[in-house]
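An overview of the molecular structure
These are the residues of each chain, in order.
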Amino acid sequence: SRMLTCDGHREVPPSLEPSWKEVEEAVKELDFIGLSGQYHESMCLVHYTSGGCGAVKKECHCPSAGERRMSDKDEVDSVSLDESTLERHIIRKIDLLTQVDLRYFELASRLFETKLKEVEKKCGIRISCQ
């Protein structure tokens, strides 16, 4: 969220925590929102954004039960941090720095889901299998 409000410079704004209003305005001006946790669906929206329903590839359609998408990959194990390994003051700093980030992600997720449903309806396809 800090990078969305830095006026095009790669510097952190004077306030480490940008105002929610600035972040919300910046998000609503984005032409495209993709979510790494929904990579397949995000790529389908990229195809749609670049060329409409005709550009939404066959791989974007949700397969029948038991079938896999060509782009589906097995989950990759990731390393997660355990809060118990961090000092309490570090956790407080992280929480403080990510308050607006959490709200940003929730807004971006809602906008993403709205756009995905819009594209599915407009193109007459089911992209999300969830």
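Heads up: the structure comes first, above all this text.
Presented here is an overview of the structure given in this document. (Residues numbered from 1 in each chain as written. Predicted model: local features only at pLDDT ≥ 70, side-chain atom pairs only at ≥ 80, totals over all residues. Heavy atoms only, no water.)

Tallying secondary structure elements over the protein gives three helices and zero strands in all. Here the protein holds 130 residues, and 28% of them are scored as buried. Taking contacts inside the protein between residues at least 6 apart in sequence as the whole, the part at least 24 apart equals 59%. Here the protein has roughly 9800 Å² of accessible surface; of this, 53% comes from carbon and sulfur atoms. (Helix = DSSP H or I, 4+ residues; strand = E, 2+ residues; numbered from the N terminus. Buried < 20%, exposed > 50% of the residue type's maximum accessible area, 1.4 Å probe, protein only. Contact = heavy atoms within 4.5 Å. Areas by Shrake-Rupley, 256 points an atom, 1.4 Å probe, with all protein chains shown as cover.)

A separate point is the packing of helix H1 (residues 20-28) against helix H3 (residues 88-123). Two elements in contact, H1 and H3, have axes whose closest approach is 10 Å; the angle formed by their N-to-C orientations is 25°. With respect to each other, H1 and H3 are oriented roughly parallel. For the element pair H1 and H3, the recorded crossing hand is right-handed. Between H1 and H3, the contacting residues are Trp20, Val23, Glu24 and Val27 on the first element and Val100, Arg103, Tyr104, Leu107 and Leu111 on the second. In terms of residue class, the contact of H1 with H3 is made up of seven nonpolar, no polar and two charged. (Axes fitted to C-alpha atoms, helices over the stretch in contact; angles between N-to-C directions. Parallel < 35°, antiparallel > 145°, perpendicular 65-115°, else oblique. Left-handed = near helix turned anticlockwise from the far one by under 90°. Nonpolar A, V, L, I, M, F, W, Y, C, P; charged D, E, K, R; others polar.)

Right, let's talk about the state of the cysteines for a bit. Summed over all chains, the structure comprises three disulfides. The side chain of Cys44 participates in a disulfide bridge whose partner is Cys60; the two sulfur atoms lie 2.2 Å from each other. On the sign convention where negative means left-handed, the S-S torsion of about -110° between Cys44 and Cys60 marks this disulfide as left-handed. Taken together, the positions of Cys44 in helix H2 (residues 39-51) and Cys60 in the loop between H2 and H3 put the pair 16 residues apart, joining distant regions of the chain. (Disulfide = S-S within 2.5 Å.)

Next up on the list: the layout of surface pockets. Leftover empty space is mapped by rolling, across the atoms, a probe with the size of a water molecule. In this structure, the second largest pocket occupies an estimated 190 Å³ of space. Lining the second largest pocket are Val27, Lys28, Leu30, Asp31, Phe32, Ile33, Leu45, Thr49, Leu111, Phe112, Thr114 and Lys115. Those elements that place two or more of their residues in the lining of the second largest pocket are H1, H2 and H3. Of the residues forming the lining of the second largest pocket, the biggest block, four residues, is contributed by H3. The residue makeup of the lining of the second largest pocket, split by class, is seven nonpolar, two polar and three charged. (1 Å grid on protein atoms, 1.4 Å probe; cavity = no way out; pocket = protein on both sides within 12 Å on 5 of 7 lines; lining within 4 Å. Points joined across faces, edges and corners; volume = space filled by probe spheres on them.)

So far we have only geometry, and geometry alone does not tell us how the molecule works.
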